[in-house]
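Fold and contact review
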Amino acid sequence: MLAENDTFSFERDLARQGFVLVAGVDEAGRGPLAGPVVAASVILPPDCAYEWFKDSKKLTPKVREKLYGELREINAMIGVGIVSAAKIDQINILQASLLAMQRATHLLPLRPNYLLVDGKFSVPITIPQQALIKGETRSASIAAASIIAKVTRDELMQKLHLKFPVYNFHKHKGYPTVMHRRAIRDHGPCEIHRKTFKGVREYISREL
Amino acid sequence: MTKKRKSLGKMGEDLAREHLKKSGCLILEQNYRVRMGEIDLIVEDSGTLVFVEVKTRCDSTYGSPFDAVTPGKQRQLSKVALFYLGRHDMLDRPARFDVVSVQVRTGASPKLEIIKNAFELCYGI
């Protein structure tokens, strides 16, 4: 029972094997029709209150933001990788997600010895790693990465709302809600829409 | 794999390579082999990286060579391609998968067919 709920057991086991710097890696924004994909790589301090960091999807935006502040306060090492909608169209979303994860990991202040990666991803980088399905619920480091990625992306979408107000990006963050689909239908896509995605590409005029 | 089949495959790869070279591609790798698998040819076609699977058949073989790239094979090729892109710091470059079918015919010159974008980068463990 205890082992099931212990979200720091992977990290602890790895430390025992000599992998002292273990980074959790996760990404946000693979599904939206607009905006970037954002990935984060996080190394938690070994003595932190790891049980705070839980699946970002199960936290309210307010709690997420609080934990985001907390992660900065406890000096967790953080790397963030961002890949734009234009780049996503040029390469494809899978490659873009992996690129964001690679960038995030490269941007950590120290190179980790091991990665715990959410999902079934393997980050194209020469660092030993393990993919954990539902990683956000099994590793506090991945959960922390998911919080950083989600909050960073949400903030970006809020800023992008000011630039492209007709779409209400601050509300749906680019996800395919009814409101968002209606706005695309009525106003056509803007420069941060993913032109290769179903739901956007149908509205691109032929002349472009 | 018998020696004969292996040399048939090698011949097909060489033919495909020469064809791609002539059509303006830059050849980056032939038989790129790593722990998780192998890619027959890696070329650059006007800025796009192309991972090429070559399927060689002689006229006695049945079935379309294109059918031979199974979903499992696609996943494996994707893995190797991602490894290559990561290793060479080229994840930000557009990439695609082509399949080249080489049909070796007795008494006639070999027939080459290329399917561009034969499948998408896919994922799975």
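Note that the structure is predicted; figures quoted are calculated from it, not measured. Position labels on residues start from 1 in each chain and follow its written sequence. Key to labels: chains lettered from A, ligands numbered from 1, both in the order written. In keeping with the predicted nature of the model, local features appear solely for residues at pLDDT of at least 70, side-chain atom pairs appear and are counted solely at 80 or more, and the whole-chain, interface and lining totals rest on all residues.

1. Examining the overall build of chain A
For chain A, the count of helices and strands is nine helices and five strands. Per the convention used, a helix needs a DSSP run of H or I reaching at least four residues, while a strand needs a run of E reaching at least two, with both numbered from the N terminus. Its helices and strands in sequence order give chain A the pattern α-α-β-β-α-β-α-α-β-β-α-α-α-α, from N to C terminus. Here the radius of gyration uses the C-alpha set of atoms, whereas the globule reference equals 2.2 Å times the residue count to the power 0.38. Since a compact globule built from 208 residues should have a radius of gyration of about 17 Å, the 18 Å found for chain A is in line with a globular shape. The dimensions of chain A, computed from C-alpha atoms along their principal axes, are 60 × 35 × 30 Å. Within the span of chain A, comprising 208 residues, buried residues form 46% of the whole. Three exposure classes are used, all based on how many other C-beta atoms lie within 10 Å of a residue's own C-beta (placed from the backbone): buried at 20 or more, exposed at 12 or fewer, and partly exposed between those limits.

2. Looking at the environment of Ala15(A)
All names here are of chain A. Its location among the elements puts Ala-15 in helix H2 (residues 9–16). Note: C-alpha distance between Ala-15 and Pro-46 (31 residues apart in sequence) is 9.3 Å. Ignoring any residue separated from it by four or fewer positions in sequence, one finds Ala-15 in contact with Val-20 and Pro-46. Our contact criterion uses C-beta atoms placed from the backbone: two residues qualify when those atoms are within 7 Å.

3. Quick notes on the sheet that holds strand E3 (residues 48–58) of chain B
All names here are of chain B. At least two bridges found by DSSP between two strands is the condition for calling them paired. The strand order E1-E2-E3-E4-E5 describes an open sheet built from five strands, whose pairing is mixed. Because the sheet does not close on itself, it has two edges, and the strands there are strand E1 (26–34) and strand E5 (111–119). Adjacent strand axes in the sheet meet at a mean angle of 30° when their direction is disregarded. Of the strand pairs in this sheet, strand E2 (residues 37–45) and E3 are connected by five bridges, and their pairing is antiparallel. Within the sheet, the bridge partner assigned to Ile-42 lies in E3 and is Phe-51. Note on definitions: angles span 0 to 180 degrees between N-to-C directions of axes, and those axes are lines fitted to C-alpha atoms, for helices only across the stretch in contact.

4. A word on the environment of Leu112(B)
Residue and element names in this part refer to chain B. Turning to its location among the elements, Leu-112 is positioned in strand E5. Residues Leu-112 and Arg-35, spaced 77 residues apart in sequence, show a C-alpha to C-alpha distance of 30 Å. Setting aside anything within four residues of it in sequence, one finds Leu-112 in contact with Leu-15, Ala-16, His-19, Val-100 and Val-102.

5. A few points about the confidence of the model for chain B
Detailed reading of the predicted coordinates is not advisable wherever pLDDT is low. Residues and elements named next belong to chain B. With 86% of its residues at a pLDDT of 70 or more, chain B shows a mean pLDDT of 88. The pLDDT score gives, residue by residue, the confidence of the prediction method on a 0 to 100 scale. Of all helices and strands in chain B, the one with the weakest mean pLDDT is helix H1 (residues 3–22) (87), whereas E2 scores best (97). Scored by ipTM, the complex comes to 0.75, with pTM at 0.87.

6. Let's talk about the nonpolar core
All names here are of chain A. Think of a nonpolar core as buried Ala, Val, Leu, Ile, Met, Phe, Trp, Tyr and Cys residues chained together by C-beta atoms that fall within 7 Å. Judged by nonpolar contacts, the single largest core of 78 residues is most densely connected at Val-25, Val-42, Ala-100, Ala-144 and Ile-148. Per-element tally for this core: the top contributor is helix H7 (residues 140–163), with eleven residues. Once residues lying within four places of it in the same chain are set aside, the contact partners of Ile-148 are Ala-40, Val-42, Tyr-68, Leu-71, Ile-78 and Val-80.

7. Things to note about the interface of chain A and chain B
Facing the 13 residues of chain A at the interface are 13 residues of chain B. For the side of chain A that touches chain B, the elements supplying multiple residues, two or more each, are helix H4 (85–91) and helix H5 (93–106) of chain A. For the side of chain A that touches chain B, the element with the most residues is H5(A), which contributes five residues. Ten residue types, Ala, Val, Leu, Ile, Met, Phe, Trp, Tyr, Cys and Pro, are classed as nonpolar, four, Asp, Glu, Lys and Arg, as charged, and the remainder, Gly among them, as polar. Residues that form the side of chain A that touches chain B fall into these classes: seven nonpolar, four polar and two charged.

8. A closer look at unusual backbone geometry
Residues and elements named next belong to chain B. Non-glycine residue Ser-46 carries a positive phi angle of around 35°. Given 8 C-beta atoms within a 10 Å radius, Ser-46 is considered exposed. Phi is positive for Asp-89, which is not a glycine, with a value near 55°. What makes Asp-89 exposed here is the crowd of 12 C-beta atoms within 10 Å.

9. As for H7(A)
A helix is expected to span 1.5 Å for every residue after the first. The first and last C-alpha atoms of H7(A) sit 35 Å apart over 24 residues, in line with the 34 Å expected at 1.5 Å per residue. The element H7(A) is largely enclosed, with a buried count of 17 among its 24 residues.

10. Observations concerning the sheet that holds strand E1 (residues 22–28) of chain A
Residues and elements named next belong to chain A. Ordered in space as E3-E2-E1-E4-E5, the five strands form an open sheet in which the pairing is mixed. Every interior strand has two partners, whereas the edge strands, strand E3 (77–83) and strand E5 (129–132), have only one. Taking each pair of neighbouring strands and ignoring which way they run, the sheet shows an average axis angle of 20°. Here strand E4 (residues 114–118) runs beside E5; their pairing, made up of four bridges, is parallel. Each bridged residue has a counterpart across the sheet, and for Leu-115 the counterpart in E5 is Gln-129.

11. Thoughts on H5(A)
Given 3.6 residues per helical turn, the α-helix brings residues three or four places apart onto the same face. Here H5(A) contains 14 residues, and its C-alpha end-to-end distance of 20 Å stays within 8% of the 20 Å for a straight helix at 1.5 Å per residue. All of the buried residues along H5(A) are Gln95(A), Ala96(A), Ser97(A), Leu98(A), Leu99(A), Ala100(A), Met101(A), Gln102(A), Ala104(A) and Thr105(A).

12. Digging into the packing of helix H3 (residues 61–73) of chain A against H7(A)
Residue and element names in this part refer to chain A. The N-to-C vectors of H3 and H7 enclose an angle of 115°; their axes lie 9 Å apart at closest approach. Here H3 is positioned roughly perpendicular relative to H7, judged by the angle of their axes. For the pair H3 and H7, the sense of crossing is left-handed. Every residue of H7 that contacts H3 at Arg-64, Glu-65, Leu-67, Tyr-68 and Leu-71 is listed here: Ala-144, Ile-147, Ile-148, Lys-150 and Val-151. Counted by class, the contact of H3 with H7 contains seven nonpolar, no polar and three charged residues. These descriptions rest on fixed angle ranges, namely under 35 degrees for roughly parallel, over 145 for roughly antiparallel, 65 to 115 for roughly perpendicular, and the rest for oblique. Two helices that cross are described as forming a left-handed crossing if the nearer one is turned anticlockwise from the farther one by less than a right angle, and a right-handed crossing if clockwise.

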